[in-house]
Amino acid sequence: MPAPRVRRPAAAKKPARAAVVLAPDARGKRRATAILDRLEAAHPEATCALSHRNPYELVMATILSAQCTDERVNQVTPVLFARYPDANALAAAVPEDVEEIIRSTGFFRAKARSLIGCAAGLVERHGGQVPGRMEDLVKLPGVGRKTANVVLGHAFGVESGIAVDTHVFRVSQRLGLARAETPEDVEEQLMKLIPQRRWSRTSDLLIFHGRKVCAARSPRCGGCPAFDLCAWDDRVAIATGGAKR
Ligand code: SF4
């Protein structure tokens, strides 16, 4: 999944978003549930797109996905994990060797530092294993709340929060599920509206919907399964071809 392409998403750009946002009361929660049900029906195949076989691989793949497509990460990780199959191996890696493997994902020097540092943290503090708790994960180099949410949700089945990447940030605000300037605030608002058992799934669905339908520049409002539940004013004009973002 795309990391926050952690660019404080469109926070500074004032992303297109609904004028109104759902309140975390019974009515707002019903509406949020209806939106998620609609997205679930439309995108049953939505899931984490980062290839991984265990928590170690998912942590490292998620770190690599910052400012990079999942497809690109999936091209790189088979080579990375063949050479460094576990945290012990990666912790002992020569930075330049890791950089060479992950170069195409961008920001490769910083990412190599994060990967090796994270692996070292796993070895030193957790016996080489990925911990299943938010408070432990976010203390590892390169691991923020978004990455921890992805790992906990997909590798441990723990509903710790809602991973907010650039798609979740944009789509949730168009739909009127949130209205905020930072991913952290968007996550907090979503968590108040959505039942905990659906948190991880919410991220998957909003990311998938953002990629396939509610794209940043050219949303396909006319074919959107949540059109009648969406709060974004421009959707009608876009659906009828009468407006641009
Ligand atoms: S109606 Fe348009 S803006 Fe609203 S969720 Fe669908 S695609 Fe996105």
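Sequence order as written defines the numbering, with residues in each chain counted from 1. In keeping with the predicted nature of the model, local features appear solely for residues at pLDDT of at least 70, side-chain atom pairs appear and are counted solely at 80 or more, and the whole-chain, interface and lining totals rest on all residues.

Caption draft 1: Seen up close, the site of the ligand. Each residue receives a C-beta atom built from its backbone; the residue is near a molecule or strand if that atom lies within 6 Å of it. In the neighbourhood of the ligand, 13 residues make up the surrounding shell, with Cys214, Cys221, Cys224, Cys230 and Arg235 lying closest. Per-class residue counts for the shell around the ligand are ten nonpolar, no polar and three charged. Under the scheme applied, nonpolar residues are Ala, Val, Leu, Ile, Met, Phe, Trp, Tyr, Cys and Pro; charged residues are Asp, Glu, Lys and Arg; polar residues are all the others, including Gly.

Caption draft 2: Up close: the nonpolar core. Each nonpolar core comprises buried Ala, Val, Leu, Ile, Met, Phe, Trp, Tyr and Cys residues, the members being joined through C-beta atoms within 7 Å. The burial criterion counts other C-beta atoms lying within 10 Å of a residue's C-beta, which is placed from the backbone; the residue is buried at 20 or more, exposed at 12 or fewer, and partly exposed between these limits. Val59, Met60, Leu115, Cys118, Val151, Leu175 and Leu177 are the most contacted members of the largest nonpolar core, which totals 67 residues. We call two residues in contact when the distance between their C-beta atoms, placed using the backbone, is within 7 Å. Not counting the four nearest positions on each side in its chain, Leu177 is found in contact with Leu22, Ala32, Ile35, Ser172, Leu190 and Leu193.

Caption draft 3: Expanded view of helix α8 (residues 145-156). Across the twelve residues of α8, nine count as buried, placing the element largely inside the fold. Think of it this way: any DSSP run of H or I at least four residues long counts as a helix, any run of E at least two long counts as a strand, and we number them from the N terminus. Those residues of α8 that sit buried are Lys146, Thr147, Ala148, Asn149, Val150, Val151, Leu152, Gly153 and His154. Check the buried side of α8 and you find it contacts α2 (55-64), α7 (134-137), α10 (183-193) and α11 (199-212). Positive phi appears at Gly157, one or two residues downstream of α8, with a value of about 65°.

Caption draft 4: Representation of the domain arrangement of the chain in the model. An automatic or database domain assignment supplies the residue ranges for each domain. The domain architecture assigned to the chain consists of domain 1 (9-42 + 162-239) and domain 2 (55-156). Of note, the centres of domain 1 and domain 2, computed from C-alpha atoms alone, are 28 Å apart. At the junction of the two partners, domain 1 supplies six residues and domain 2 supplies five residues. Each residue belonging to the side of domain 1 that touches domain 2 can be placed in one class, and the counts come to four nonpolar, one polar and one charged.

Caption draft 5: Region of the structure containing the environment of Ser65. Mapped onto the fold, Ser65 is located in the loop between α2 and α3 (70-83). Along the chain, Ser65 and Gly242 lie 177 residues apart, while their C-alpha atoms are 36 Å from each other.

Caption draft 6: Fine view of the confidence of the model for the chain. Mean pLDDT over the chain stands at 93; residues scoring 70 or higher make up 93%. Every residue is assigned a pLDDT by the predictor, reflecting its confidence on a scale from 0 to 100. Long-range and interchain partners of residues 2-12, a stretch whose pLDDT sits below 50, account for 35 contacts in this model, where long-range means more than four residues apart.

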